[in-house]
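As a plain string of letters, each chain reads:
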Amino acid sequence: MSRSDVRIVKNFRAPKKIGVHYRLLSLTGVNKGTSYYLEGRRAVVGRGEKVEISIMDPKASRQHAELVRYEDTFIITDLKSQNGVIVNDLKIAQHKLSNGDKIIIGSTVFKYDRLEIDNDDISESLELSQEKNNTSKKSEGKNTEKNEDSRKKIILLLGAVLAFLFLSGEEEGDKPVKKSTKRIKDVSSSYEDILKKKKAKENAEEQKKVDALIHRGQREFREKNFFRALEEFNQALIMDPGNGRASFYKRKTKQALDNLIEQYFTSARRDVDSYRLESALVSYCGIIRLLEGYEDDERYVQSQRQINYLEKKMGMIEGDYKCIPE
């Protein structure tokens, strides 16, 4: 792996070089607006230092996801990250990317683009630039001639307005002239209504996605897949930080997970005191299976340590008792 496989540009303008370009555009986070051009066959995204695309995101794993070139696009793979990878609001293990796909890694949102630049694009850009310059030069000459005519017209117009106001004042006395603002208000109101409707539609679509995440989280909670449920609720809170339902179910899930693990620990300690060592092994293995994939959790480490201790006490070789079948 080499960082030279990824070219980093601090803007989102299309490249000028002819050919096909593959880009990840950061839409959120510290590096918002930064373009990552994938110029190699493989790139890893994460918050670690030894990756091709390094992001400052505490919710991202050190090596979170892998991008591998396949035919005319890239395939993204979740590297068993803690919070998973979401593509177009769906959690994936592996996905073939399409132009315009939205990718969420941790709490950072990327957009994937496949850009094709050819001679016509560059020629058109040059022609537009030349035409703009020529038009600018011609307009400079015409402006000089028009300026004098404009001054004369403005003077005549001002004179006519002053005369009109003077005559109107004599006819109507001191009665103030009211300016009509009805049309301006009507136009402004219509524009505001359009903006409100557009915003309401966007909010409705966003809320629909948040509700889907909460629904999936509730299903995982009922099936006692607590870590998966927590991931769904966390993603809902990323999209809608103030969502009360997501916050409530996240707290409820975490409490249920902690209570279940504590029950396993209590049962195991009771079995050890009663010298029911095999039953204690079953309880500690329940914790291991529950925390599978989260080996850095202190409760996982403590359970594994107790299993090794019980293996020795029962005359077994360390590692003989398999909590998770291979």
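Residues numbered from 1 in each chain as written. Predicted model: local features only at pLDDT ≥ 70, side-chain atom pairs only at ≥ 80, totals over all residues. Heavy atoms only, no water.

**Here we look at the environment of K250**
Summarising the element assignment, K250 is placed in helix α4 (residues 244-273). K250 sits in the partly exposed class, given a relative accessible area of 31%. Counting along the chain gives 19 residues from K250 to E231, while the straight-line C-alpha distance between them is 9.0 Å. If sequence neighbours within four positions are ignored, K250 has contacts with L230, F233, N234 and L237. (Helix = DSSP H or I, 4+ residues; strand = E, 2+ residues; numbered from the N terminus. Buried < 20%, exposed > 50% of the residue type's maximum accessible area, 1.4 Å probe, protein only. Contact = heavy atoms within 4.5 Å.)

**Regarding the sheet that holds strand β9 (residues 90-92)**
Strand pairs in the sheet, formed through backbone hydrogen bonds, run parallel or antiparallel to each other. Strand order across the open sheet formed by seven strands is β1-β3-β2-β12-β11-β8-β9, with antiparallel pairing between neighbours. Either end of the sheet is taken by a strand with one partner, and the two such strands are β1 (6-9) and β9. Ignoring strand direction, the axes of neighbouring strands in this sheet form an average angle of 30°. Across four bridges, the pairing between strand β11 (residues 102-105) and strand β12 (residues 108-117) is antiparallel. When the bridges of β12 are listed, I104 appears paired with V109. (Pairing = 2+ DSSP bridges. Axes fitted to C-alpha atoms, helices over the stretch in contact; angles between N-to-C directions.)

**Considerations on helix α3 (residues 226-239)**
Its 14 residues place the ends of α3 20 Å apart at the C-alpha level, agreeing with the 20 Å of an ideal helix rising 1.5 Å per residue. With 12 of 14 residues buried, α3 is to be regarded as a mostly interior element. (Expected span 1.5 Å × (residues − 1).)

**Observations regarding the pattern of salt bridges**
Under the counting rule described, the total for this entry stands at 16 salt bridges. One salt bridge in this structure joins E71 and K96, with 3.8 Å as the shortest N-O distance. Of this pair, E71 sits in the loop between β6 (65-70) and β7 (73-78) while K96 sits in strand β10 (residues 94-96), placing them 25 residues apart in sequence. Taking relative accessible area as the criterion, E71 reaches 55% and is therefore assigned exposed. Across the pair R245 and D211 runs a salt bridge whose closest N-O atoms are separated by 3.4 Å. (Salt bridge = Lys/Arg side-chain N within 4 Å of Asp/Glu carboxyl O.)

**Notes on the side chain of S61**
By secondary structure assignment, the location of S61 is in the loop between β5 (53-54) and β6. Those residues in contact with S61 that sit more than four places away from it in its chain are G46, R47, S81 and Q82.

**Some words on the sheet that holds β7**
In spatial order, the strands read β5-β4-β6-β7-β10; together these five strands make up an open sheet with mixed pairing. Strands with a single pairing partner mark the edges of an open sheet, and in this sheet they are β5 and β10. Here strand β4 (residues 42-46) pairs with β6 via four bridges, running antiparallel. Residue pairing for β6: V44 is matched across the bridge by E66.

**Things to note about unusual backbone geometry**
For residues besides glycine, phi is generally negative; the peptide bonds are generally trans as well. Positive phi values are uncommon outside glycine, yet K80 reaches one of about 55°. Looking at the element boundaries, K80 is found in the loop between β7 and β8 (85-87). Taking the relative accessible area as the measure of exposure, K80 reaches 81% and is therefore exposed. With a phi angle near 65°, K224 is a residue other than glycine that sits in the positive phi range.

**Here we look at the nonpolar core**
Ranked by internal contacts, the top residues of the largest apolar core, which has 22 residues, are L24, L38, I53, L67, I76, I103 and I105. Elements with a contribution of two residues or more to this core: β2 (19-26), β3 (35-38), β4, β6, β7, β8, β11 and β12. Excluding anything up to four places from it in sequence, I103 contacts L24, I76, V85, I86, V87, L97, T108, V109, F110 and Y112. (Core = buried A, V, L, I, M, F, W, Y, C linked by side-chain atoms within 4.5 Å.)

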